[in-house]
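# Structural overview
Listed here are the chains, written in short residue letters.
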Amino acid sequence: HTSRLREYTNRNKELRALEEKKEKNRFKHILTKGAKGPWRRSKLMVIGQGRVGKTATVRTLLNLPFKPDLKSTILCNITEANAYKAAWLDKSRDESRLEFAVNLAVRIALSEK
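Residues numbered from 1 in each chain as written. Predicted model: local features only at pLDDT ≥ 70, side-chain atom pairs only at ≥ 80, totals over all residues. Heavy atoms only, no water.

### Here we look at the overall build of the chain
The helix and strand inventory of the chain stands at 3 helices and 2 strands. Reading the secondary structure of the chain in the N-to-C direction produces α-α-β-β-α. Residue burial in the chain is summarised as follows: out of 113 residues, 6% are buried. A separation threshold of at least 6 residues defines the contact pool for the chain, and within that pool the share at least 24 residues apart is 34%. Put simply, the chain shows about 10300 Å² of open surface, and 57% of that area lies on carbon and sulfur atoms. (Helix = DSSP H or I, 4+ residues; strand = E, 2+ residues; numbered from the N terminus. Buried < 20%, exposed > 50% of the residue type's maximum accessible area, 1.4 Å probe, protein only. Contact = heavy atoms within 4.5 Å. Areas by Shrake-Rupley, 256 points an atom, 1.4 Å probe, with all protein chains shown as cover.)

Right, dumping it as structure tokens:
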């Protein structure tokens, strides 16, 4: 089983490397050629006074149930989601996607210097 796990892990790393290279090349092409392409990312910042429904609004966008007994958010809450067919899918628990996005952004920034 160890060899199959190692094989799977290596294949997963290869696929990630290919995906990263493809995304990086697409991003560079858009920056250097003035080409157009889908951004596939955006940020939504919800700010306001306490206890006005910011968390409830985000939960609604993620198709999560309303929780009247939810405690107030202290400082901030970061949630990553994918918009898919008019519904947002919560991706905050998918650490690999978030880690990949952060690593890709850092590598692009460093390679431009």
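### Notes on a nonpolar patch on the surface
Taken together, the side chains of L44, V46 and L61 present a nonpolar region at the surface, about 240 Å² in accessible area. Of note, V46 is situated in the loop between α1 (2–33) and α2 (54–61). (Patch = residues over 30% accessible without salt bridge, like charges linked within 9 Å, V, L, I, M, F, W, Y side chains within 5 Å. Salt bridge = Lys/Arg side-chain N within 4 Å of Asp/Glu carboxyl O.)

### Things to note about the side chain of R59
Structurally, R59 can be placed in helix α2. Ignoring any residue separated from it by four or fewer positions in sequence, one finds R59 in contact with L64, P65, K67 and L70.

### Some details on the side chain of E23
The topology assignment puts E23 in helix α1. The exposure class assigned to E23 is buried, which follows from its relative accessible area of 15%. Within the structure, E23 has its side chain in polar contact with the side chain of R26 (distance 2.8 Å). (Polar contact = N/O pair within 3.5 Å; in protein donor to acceptor, adjacent residues only side chain to side chain.)

### Let's talk about the confidence of the model for the chain
Of the residues in the chain, 75% reach a pLDDT of 70 or more, and the chain-wide mean stands at 78. Ranking the elements of the chain by mean pLDDT puts strand β2 (residues 87–90) last, at 66, and α2 first, at 89. (pLDDT = per-residue confidence, 0-100.)

### A few points about the pattern of salt bridges
Under the criterion given, the structure shown has 2 salt bridges. Here R11 makes a salt bridge to E14, at a shortest N to O gap of 3.2 Å. Highlighted residues: R11 and E14, both in helix α1, separated by 3 residues, approximately one helical turn. Put simply, E23 and R26 hold a salt bridge, and the shortest N to O gap is 2.8 Å. Taken together, the residues span about one helical turn, with E23 and R26 both in helix α1 at a distance of 3 residues.

### Things to note about α1
Taking 1.5 Å per residue, 32 residues should reach 46 Å; α1 reaches 46 Å between its end C-alpha atoms and fits that length. Following α1 by one or two positions, G34 adopts a phi angle in the positive range, close to 65°. (Expected span 1.5 Å × (residues − 1).)

### Concerning the environment of F66
With respect to the helices and strands, F66 occurs in the loop between α2 and β1 (81–84). Looking at F66, the relative accessible area reads 63%, which means it is exposed.

### Examining unusual backbone geometry
Even without a glycine there, the phi angle at R51 is positive, about 60°. Accessibility expressed as a relative area gives 62% for R51, which makes it exposed. Despite not being glycine, N63 has its phi angle at roughly 60°, a positive value. Here N63 lies in the loop between α2 and β1.

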